[in-house]
Amino acid sequence: MSAARLTGTKYGCGSGGCGACTVMLSRYDPHCSANACLLPVVSLHGAAVVTVEGIGSTKTKLHPVQERIAKAHGSQCGFCTPGMVMSMYTLLRNQPQPSLEDIREALTGNLCRCTGYRPIVDGFKTFCGVSECCQNGESGKNCCGGGPSTLCNGSSDVSQTSAFRKTVQTLVLHLHFQLMLQKGGGGRLCFQGNRVKWFSPADLSDLLELRAAHPNAPLVVGNTNVGPNMMFKGDVHPLIISPGSVMELHTVSWGKKGVTFGSACSLSEVKEELQGAVGRLDPEESRVFQALLNTLRCLAGKQIRNMATVGGNILSADPKYDLSCILAAADCTLQLVSKEVPLNEKFFAGFGRTHLRADEVLLSLHIPRSQPWEFVSAFRQAQRREFAFSIVNAGMKVVFKEGTDTVQSLSIFYGGMGPTLLRVKRTCEGLVGMSWNEGLLEEACRLLAEEVALPPTAHGGKTEFRSILSLSFFFKFYMQVVQELREKGVGVADLPLEYLSALKPFKNEVPQGHQTFQMVSEIQSSKDPVGRPRVHIAAFQQATGEAKYYDDLPAVSGELFVFMVTSTRAHAKIISMDFSEALRVPGAVTFLSARDVPGQNRRLWFNNTEELFAEEECTFRPLQVCCVGQIIGAVVAESREQAKRAAERVRVTYDDLSPVFFTIEEAIQHQSFFNPKRKLERGNVDEAFGKVDRILEGEMYMGGQEHFYMETQGLIAVPRGEDGEMDLYVATQHAAFTQEVVGHTLGVDSNKITCHVKRLGGGFGGKVMKIASLSAIAATAAYKTGRAVRCVLDRGDDMLITSGRHPFLGKYKVGFMNDGTILAADITYYSNGGSTLDESSFIMEKALLHMDNGYKIPNLRGHGLVCKTHLPSYTAFRGFGGPQGLTIIESILHEVAAECGLPAEEVRAVNMYSEEESYTHHRQPFCPRDMVRCWDECLEKSDYSSRRLAVQHFNATNRWRKRGICAVPLKFGIGFSKGFYNQGAALVNIYKDGSVLVSHGGTEMGQGINTKAVQIASRILGVPMSSIHIKETCTGNVPNAAPSAASFGTDAVGMAVKDACEKLMKRLEPVMKAYPKWTWSQWIVEAYCQKISLSATGFFMGPHTSVDWEKSEGAAYYYFTFGACCSEVEIDCLTGDHKNIRTDIVMDVGKSLNPALDVGQVEGGFVQGLGLYTIEELQFSPDGALRTRGPNQYKIPALCDIPPQLNVHLLADSQNPNAIYSSKGIGEPPVFFGCTLFFAIKEAIAAARRESGLNGRFALSSPATVEKIRMACVDRFTEMVCFTKPGSFTPWAINV
Ligand SMILES: Cc1cc2nc3c(=O)[nH]c(=O)nc-3n(C[C@H](O)[C@H](O)[C@H](O)COP(=O)(O)OP(=O)(O)OC[C@H]3O[C@@H](n4cnc5c(N)ncnc54)[C@H](O)[C@@H]3O)c2cc1C
Ligand code: FES
Ligand code: FES
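Since the structure is predicted, the reported quantities are computational estimates derived from the model, not experimental observations. (Residues numbered from 1 in each chain as written. Chains lettered and ligands numbered in written order. Predicted model: local features only at pLDDT ≥ 70, side-chain atom pairs only at ≥ 80, totals over all residues. Heavy atoms only, no water.)

1. Section: the overall build of the chain
Phase 1: The number of helices and strands found in the chain is 34 helices and 46 strands.
Phase 2: The C-alpha atoms of the chain give a radius of gyration of 31 Å, which matches the 34 Å a tight globule of 1296 residues would have.
Phase 3: Viewed in the frame of its principal axes, the chain has a C-alpha envelope of about 95 × 80 × 75 Å.
Phase 4: Burial status across the chain gives 65% buried among its 1296 residues.
Phase 5: Of the contacts formed within the chain by residues at least 6 apart in sequence, a portion of 77% connects residues at least 24 apart.
Phase 6: A gap of 3 Å separates the mean positions of the 131 positive and 131 negative side-chain charges of the chain. (Helix = DSSP H or I, 4+ residues; strand = E, 2+ residues; numbered from the N terminus. Rg over C-alpha atoms; globule rule 2.2 N^0.38 Å. Buried < 20%, exposed > 50% of the residue type's maximum accessible area, 1.4 Å probe, protein only. Contact = heavy atoms within 4.5 Å. Lys, Arg positive; Asp, Glu negative; His and termini not counted. Charge placed at Lys NZ, Arg CZ, Asp CG, Glu CD.)

2. As for the site of ligand 1
Phase 1: Near ligand 1 there are 30 residues, and of these V221, G222, T224, T309 and D322 occur at the shortest range.
Phase 2: Between ligand 1 and the protein, one listed contact pairs an oxygen atom with a backbone N or O atom of N223 at 2.9 Å.
Phase 3: Protein burial of ligand 1: of its 980 Å² of free accessible surface, 95% is covered by the chains.
Phase 4: Considering every element that reaches the shell around ligand 1, the biggest residue donor is helix α11 (residues 310-315), with 3 residues.
Phase 5: Of the residues that constitute the shell around ligand 1, the class distribution is 16 nonpolar, 12 polar and 2 charged. (Near = heavy atom within 4 Å. Polar contact = N/O pair within 3.5 Å; in protein donor to acceptor, adjacent residues only side chain to side chain. Areas by Shrake-Rupley, 256 points an atom, 1.4 Å probe, with all protein chains shown as cover. Nonpolar A, V, L, I, M, F, W, Y, C, P; charged D, E, K, R; others polar.)

3. Description of the nonpolar core
Phase 1: If you look at the biggest cluster of nonpolar residues, it comprises 326 residues, and the most contacted ones within it are Y414, W436, F474 and W1080.
Phase 2: Not counting chain neighbours up to four residues away, the residues in contact with W1080 comprise I990, G994, V996, L1021, V1023, M1065, L1068 and M1072.
Phase 3: Counting 55 residues, the second-largest nonpolar core is a separate cluster that includes L39, F289, A308 and L343. (Core = buried A, V, L, I, M, F, W, Y, C linked by side-chain atoms within 4.5 Å.)

4. With respect to the UniProt feature "domain: FAD-binding PCMH-type" (unreviewed entry) in the chain
Phase 1: If you check UniProt for "domain: FAD-binding PCMH-type" (unreviewed entry), the listed places come out as residues 191-372 in our numbering.
Phase 2: Annotation note: span residues 191-372, helix share 34%, strand share 20%, distance between end C-alpha atoms 51 Å. (UniProt positions renumbered as here; feature names shortened; annotations may be inferred.)

5. A few points about the environment of N1040
Phase 1: Mapped onto the fold, N1040 is located in the loop between β42 (1033-1034) and α30 (1049-1074).
Phase 2: Its relative accessible area of 60% is what places N1040 among the exposed residues.
Phase 3: Distance in space between the C-alpha atoms of N1040 and N1154 is 27 Å, their sequence separation being 114 residues.

6. A closer look at the UniProt feature "binding site: Mo-molybdopterin" (unreviewed entry) in the chain
Phase 1: Under the feature "binding site: Mo-molybdopterin" (unreviewed entry), the UniProt entry names Q733, F764, R878 and A1046. Spatially, the listed residues are clustered: although they cover 314 residues, their C-alpha atoms lie within 12.1 Å of one another.
Phase 2: Mapped onto the fold, Q733 is located in the loop between β30 (726-730) and α21 (735-746).
Phase 3: With residues up to four places along the chain from it excluded, the contact list for Q733 reads L760, G763, F764, G765, G766, K767, V768, T1003, M1005, P1043 and S1044.
Phase 4: Within the structure, the side chain of Q733 is placed 3.3 Å from the backbone nitrogen of G766, a separation counted as a polar contact.
Phase 5: Looking at the secondary structure, you find R878 in the loop between β35 (859-868) and α25 (882-900).
Phase 6: Residues within four places of R878 in sequence aside, it is in contact with F764, R805, P883, Q1161, G1164, G1165, Q1168, G1227, E1228 and V1231.
Phase 7: Here Q1168 takes part through its side chain, which lies 3.4 Å from a polar atom of the side chain of R878.

7. Thoughts on the packing of α30 against helix α31 (residues 1080-1089)
Phase 1: Viewed as axis vectors pointing N to C, α30 and α31 meet at an angle of 100°, and their least axial separation amounts to 10 Å. With respect to α31, the element α30 is oriented roughly perpendicular. Contact residues: α30 offers M1065, L1068, V1071 and M1072, while α31 offers W1080, W1083, I1084, E1086 and A1087.
Phase 2: Partitioned by chemical class, the residues of the contact of α30 with α31 number 8 nonpolar, no polar and 1 charged. (Axes fitted to C-alpha atoms, helices over the stretch in contact; angles between N-to-C directions. Parallel < 35°, antiparallel > 145°, perpendicular 65-115°, else oblique.)

8. Observations regarding the sheet that holds strand β14 (residues 374-382)
Phase 1: An order of β14-β15-β16-β17 is seen for the 4 strands of this open sheet, with the pairing classed as antiparallel. Edge strands, defined here as strands with exactly one partner in the open sheet, are β14 and β17 (422-423).
Phase 2: Bridge analysis of strand β15 (residues 390-400) against strand β16 (residues 407-415) gives 8 bridges, and the strand direction is antiparallel. Note on β16: the bridge partner recorded for M396 is I412.
Phase 3: Helix-sheet contacts for helix α15 (residues 463-487) involve β14, β15 and β16, and the interaxial angle to β15 is about 35°. (Pairing = 2+ DSSP bridges.)

9. Focus on the packing of aromatic side chains
Phase 1: In the structure shown here, the tally under the stated rule is 41 aromatic pairs.
Phase 2: Ring centres of F379 and F473 lie 5.4 Å apart, and the angle between their planes is 15°; on these two criteria the pair is classed as stacked. A residue pair is termed long-range when its members are at least 10 positions apart, and F379 in strand β14 and F473 in helix α15 qualify at 94 residues. F473 matches F379 in its accessibility class, with the two residues each being buried.
Phase 3: Note on W605 and F737: the rings are 5.1 Å apart at their centroids and 70° apart in plane angle, and the pair reads as edge-to-face. Placement of the pair is W605 in strand β22 (residues 602-605) and F737 in helix α21, with a sequence separation of 132 residues.
Phase 4: An aromatic cluster is defined as three or more aromatic residues linked by ring pairs; in this entry it consists of W605, F606, F737, F842, F976, F980, Y981, F1048, F1100, Y1118 and Y1119.
Phase 5: When the ring centre of Y1221 is taken as origin, the NZ or CZ atom of R1019, which lies over that ring, is 4.4 Å away. (Phe/Tyr/Trp six-rings, centres within 6.5 Å; stacked < 30°, edge-to-face > 60°. Lys NZ or Arg CZ within 6 Å of the ring centre and 35° of its normal.)

This is how it looks when you write it as structure tokens:
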């Protein structure tokens, strides 16, 4: 598509895991959404592909899908937006009036890292055809009666549903393809590429002929297994046979005994067919179909299901794939060309291998109808409920002697319990003849516990959890069957009522919710956009794919590509680095290392240096590496594929060094810390411990987090060939720093280096530091070759090299009174900084500065130590240490409440700051009034008290499901504690036609800084927003800008834009006074003629914040943003799954500049926090290599994770005299609110543990993953599994 200059379709991962590349594929009815990254071009012969460019544009007419996502504020950075649009568009092509469930299903395969999904769904809900309201009322009903302050994207904004029309063009194409299909699509096709030959056989006999001739060639249909393996595992297939157009492999036939699916039927086709069957067949006949359907509903995302085939799923022989277990349990058979074989454990030979003969072809799969005394179920549990590979899956079938509860046969298969399908033969055989009752359950668990036991070192880790899950699945099956037997009037087994809820799977729902904010005052001019919920100014370009990101820029003539070579050892000397073979790869141009850097091979940051390329410490010593993923060299080639291939051929030999360690605990043992070590103290902590009723000690660990911005890091460096000038088109949050580092690297003054930043596809703090190093390396390549050089990190490399949020460990001692009042707390924070300091010390400072949150703990002491380990360096991430600092104190509050036996909210309230003139623990004065208002409103709006009672009632009446509810307040410092960064600059030019160009030092990464800047300029200049443009951020226009970070971007830039505009207005004033009736354009022309300068710079000198760390005092922040959040969750105690039920947030953003954008930041931040605290888990191998290197291993929140009720209220009547138009910074604070889910989960777990007689405290580290939830819910099943003592074996993955 890039060859066709169609850059709307985005590339976020290349593995089918993000949906950014979604396109519509049409061959015959229905159209289907597909992941372009997994579609080989040659597989598209005879198909029509519609990309986002094909459905509408700002130049012609927007398609309603594009218009509605934009107007509903569903696009922030915009990188996921074309994919979202195409998923929805495809749905509408097939179903012009979809249901909410259709929309939910259509979006399961699309990830968004910015919005939190709610506004996207709101925009698309309008297609459901009920009304033009945003449907945000209770239960998805109309909300427009909700009063003026309800954020409704309804009537005037969103176009009418009738505006959606099928275009004539697509209908013609549609008929054309149907005709082609009838004709059979022609003869055999053969495509020859440089490395791969692709055959597409005409029919079955042709396929068999090809298969016989090329037995080692894979049969590729959906390419969802072969494709990623070729891309990421280095599989090479010189010849591929693609039988996608062989009609015999697509047939579906129903017979008396069941249904037969051709092996090339897609999973969507299978799902649809079974859905129909379940609706029309007797339930007794369709139990197998029902079980399969339940599995298919959450198997992958819609796009994958549209492409992936049932044959491919089975023959991939991956035990994590879900179908084989249930198909095997249900006695399905496979029709091969040569014979029919049962699908069972004997069919599989090992991971990725079957016993199929090499030249064999799977024709079809037969699935039998179930019999009256046969009960079948399928189970799966994944890290995320949808769009995630299962950790363990299972298929179970029991057959009873007719009319009895005596087991005639039992069939249980597990996936994810080893390299291949596991049939628990002994268990199944041992239970035959038994009655289906408690005795059988006991025996089954005893036998199963032996059969599913995994060695602690097993591949995939989580071994105890996987074993327990296997038992839990059986228990669920046992209960289901008891239920069904009782319905049939058989069976004596008792099933208590409080067990029944465990049988209902969690329902995935679309988020509903209210967003309320205060309208602007009635006296504000209708032309003044400040304070109004204006749409993101680039939303339409983002929705049409016209918005350009760095990698969308067309190739500069002669452009090269650079690919990084990284260390595979954590601590080692490099003995040799041989790149000769790499340079022999066609297209390879040169190899780069530290020696090629013309200036300094260093990135300098506040006196901390970090090497660009690993280099000699001094001339006599060999190269050393200090983490896996450290850049040691780079290969430059003519294309990205060639550069990648060449980089893979660089041979490096290492000599390992010791010590090598990765975890915080190990760093503490080695006393390996960076300087400075920080301390903050208020009061006399030691003395206070002597006066308290009780003392409690504990610790809390919080794992790290990957930024997972949808656009990976990269840039294009273009040498201008004169005076050392170089232009960089770069995705950076800090253009001035990138410019400076590139200058130092090349030995060139900053005035020769220009950084251009159009927009970022998400940043979240991750595009400040490392991007400067990558830019310097690309610039070095451009310098060396004299040609433009493009660098685009693969998702896996991005995750490996750039790292993310710091893991933290907080160890604490707290002294409190029996009423929960905390008098003293002593906390030591340890963060894992990785191998270099980066921003770690400032991040630790922010954690310490937030350790009091909203609580006046009179004696409070915090130590902060950044651990130096052999991991890639951790860096800034939205919140910048704030969430970690806050979470530890909230953990303390939670523990104190539990220890005192008091409701947590009472303990929070009793400790909260309340005096009008309060002082933080670093003696910064502030008024907590609005924080307390947020807290009170949050408890009220969330109906906290009665829901807390309802939670208690629920827990008393449900054994295997438990609920928890938690509310927290928030006080979050805004601005940089390094005071000199609190500055902003802008340049405003007015052109003779009256149009205005604003430039500023901030970078647009979805947060809407440009929109707010234009709103401000519009207010002051009095011209409509449409006359004001922001082209890019450019170091040539606005120099020395601070990073867009610390929630301070708009504060700084907004003030600077205001300043520049006010200067211009002052200059224009005489002209305006002289000609009061003239228009803006006339004034401008007149001003020009009068030689009045129409260009002005604006500057904002923010406060000089600073902290005296010796004295533990200082105004660290400009001001505080306040808020409160309440969340309720439900956990499945048997599987560890959880469902977020409802979240209410009250946020004080002062007088919002743009409530729509601010609500977007609140929701998006909260959802990032949801990921941080509940599902996002990074895994490292014991030798320090990141294992989670893509969306298939690392799960960020998807649509299924969003609380169905997510309500956001912006606090009314709030003022902030400190910032632009009384607004407040909002980017970072809401991330912390994700912790409400964590503590609510902890409460739910506590309720589950009480059922087992465990009433004491227990540790739970963040994120509260399915594994941790299940393991903490101690019960009879957890006790059946053998635990191996940590430290006595080498685990598959470690916590760092
Ligand atoms: C992002 C993502 C998420 C996923 N999530 C899940 C999930 O949650 N659960 C799950 O179960 N699966 C999941 N999958 C896996 C997916 O279901 C399988 O990759 C898919 O079913 C394979 O089908 P395919 O047509 O794409 O196979 P291909 O990749 O085209 O082929 C796979 C293999 O099957 C062989 N093969 C295919 N057809 C035949 C035939 N007729 N005769 C002989 N050999 C044949 C090929 O030779 C090849 O070795 C996911 C995949 C992706 C990319
Ligand atoms: S780029 Fe295709 S799914 Fe991510
Ligand atoms: S708007 Fe969805 S990823 Fe940024």
